[in-house]
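# Structural overview for review
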Amino acid sequence: MSATKRIVLSSDHAAINLRQAVATHVTAKGYEVVDIGPTTTESTHYPLHGKAAAEHVASGECDLGIILCGTGQGIMMAANKVPGIRCGVCSDTFSATMIRAHNNANMLSIGARVVGEGLALEIVDAYLDAEFEGGRHGTRVDMIEG
Ligand code: RB5
């Protein structure tokens, strides 16, 4: 495992079960999980949870974040509004590797209504096991930050 230790998790109501599976999986991989909920399946608003998780990463309280909603799209959009956050939605393992290797994504978003649990956990593995390559990719990531 890399130096990364703490991962914040959040979701909306559409992804409670998958978030719990991700929490169990990531914990078993040796990471410390900071699960900020929600804890019930009551309908909620994904922007609140994307922003809250992103603030945990942007503040340095957590090293990385994994967020989930029905498609992964809305919560990703909310997270990316927080300065310093680079979050990508992934439905395949290649993209999950590359958002870390080339984009230095500090958050991963997954759609619980898009992928099943087995693929979702492989996406999480691909993301966490990848490392940022730096070099020309660092120059480009710096350009994103303005
Ligand atoms: C909730 O119904 C759904 O809109 C949400 O989980 C997500 O898919 C939004 O992007």
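Our subject in this report is the structure included herewith.

## What to know about helix 5 (residues 117–129)
Across its 13 residues, helix 5 extends 18 Å between first and last C-alpha, which sits within 8% of the 18 Å expected from 1.5 Å per residue. Where helix 5 is buried, its residues meet strand 1 (6–11), helix 1 (16–28), strand 3 (64–69), helix 4 (93–101) and strand 5 (107–111).

## Looking at the pairing of strand 3
When you tally the buried positions in strand 3, you get six out of six residues, the bulk of the element. Neither face of strand 3 is left uncovered, since the one carrying Leu64, Ile66 and Leu68 and the one carrying Gly65, Ile67 and Cys69 both have all their residues buried. Across five bridges, the pairing between strand 1 and strand 3 is parallel. Within strand 3, the position partnered with Leu9 by the bridge is Ile66. Pairing of strand 3 with strand 5, which is carried by five bridges, proceeds in the parallel orientation. Across the sheet, Gly65 pairs through a bridge with Met107, a residue of strand 5.

## A few points about the packing of aromatic side chains
Counted under the stated rule, the structure contains zero aromatic pairs. Directly above the ring of Tyr127 sits Arg100, whose terminal nitrogen or CZ lies 5.2 Å from the centroid.

## Digging into the packing of helix 4 against helix 5
Between helix 4 and helix 5, the least distance of the axes is 7 Å, while the angle of their chain directions is 25°. Considering the angle they form, helix 4 stands roughly parallel to helix 5. In this structure, helix 4 crosses over helix 5, and the sense of that crossing is right-handed. Here Thr93, Ala96, Thr97, Ile99 and Arg100 of helix 4 come into contact with helix 5, specifically with Leu119, Glu122, Ile123, Ala126, Tyr127 and Leu128. Of the residues in the contact of helix 4 with helix 5, the class split is seven nonpolar, two polar and two charged.

## A few points about the side chain of Arg19
Along the chain, Arg19 turns up in helix 1. The exposure class of Arg19 is buried, given its relative accessible area of 2%. A polar atom in the side chain of Arg19 sits 2.8 Å from the side chain of Ser11. Not counting residues within four places of it along the chain, the set of residues in contact with Arg19 comprises Leu9, Ser10, Ser11, Asp35, Gly37, Pro38 and Leu68.

## What to know about the site of the ligand
In the vicinity of the ligand, the residues found are Asp12, His13, Ala14, Tyr46, Cys69, Gly70, Thr71, Gly74 and Arg113. Take Asp12: an N or O atom from its side chain is 2.6 Å from an oxygen atom of the ligand. For the ligand, whose accessible area on its own is 290 Å², the fraction buried by protein is 71%. Split into classes, the residues belonging to the shell around the ligand amount to three nonpolar, four polar and two charged.

## A word on the sheet that holds strand 1
Strand order in the open sheet formed by five strands is 2-1-3-5-4, and the pairing between neighbours is parallel. This sheet does not close on itself; its edge strands, each paired only once, are strand 2 (32–35) and strand 4 (87–89). Neighbour to neighbour, the strand axes of the sheet diverge by 20° on average, direction disregarded. Along the sheet face, helix 1 touches strand 1, strand 2, strand 3 and strand 5 and points at about 170° away from the line of strand 1.

Thresholds applied
- Residues numbered from 1 in each chain as written.
- Predicted model: local features only at pLDDT ≥ 70, side-chain atom pairs only at ≥ 80, totals over all residues.
- Heavy atoms only, no water.
- Helix = DSSP H or I, 4+ residues; strand = E, 2+ residues; numbered from the N terminus.
- Expected span 1.5 Å × (residues − 1).
- Contact = heavy atoms within 4.5 Å.
- Buried < 20%, exposed > 50% of the residue type's maximum accessible area, 1.4 Å probe, protein only.
- Pairing = 2+ DSSP bridges.
- Phe/Tyr/Trp six-rings, centres within 6.5 Å; stacked < 30°, edge-to-face > 60°.
- Lys NZ or Arg CZ within 6 Å of the ring centre and 35° of its normal.
- Axes fitted to C-alpha atoms, helices over the stretch in contact; angles between N-to-C directions.
- Parallel < 35°, antiparallel > 145°, perpendicular 65-115°, else oblique.
- Left-handed = near helix turned anticlockwise from the far one by under 90°.
- Nonpolar A, V, L, I, M, F, W, Y, C, P; charged D, E, K, R; others polar.
- Polar contact = N/O pair within 3.5 Å; in protein donor to acceptor, adjacent residues only side chain to side chain.
- Near = heavy atom within 4 Å.
- Areas by Shrake-Rupley, 256 points an atom, 1.4 Å probe, with all protein chains shown as cover.

That is the geometry; function is a separate question.
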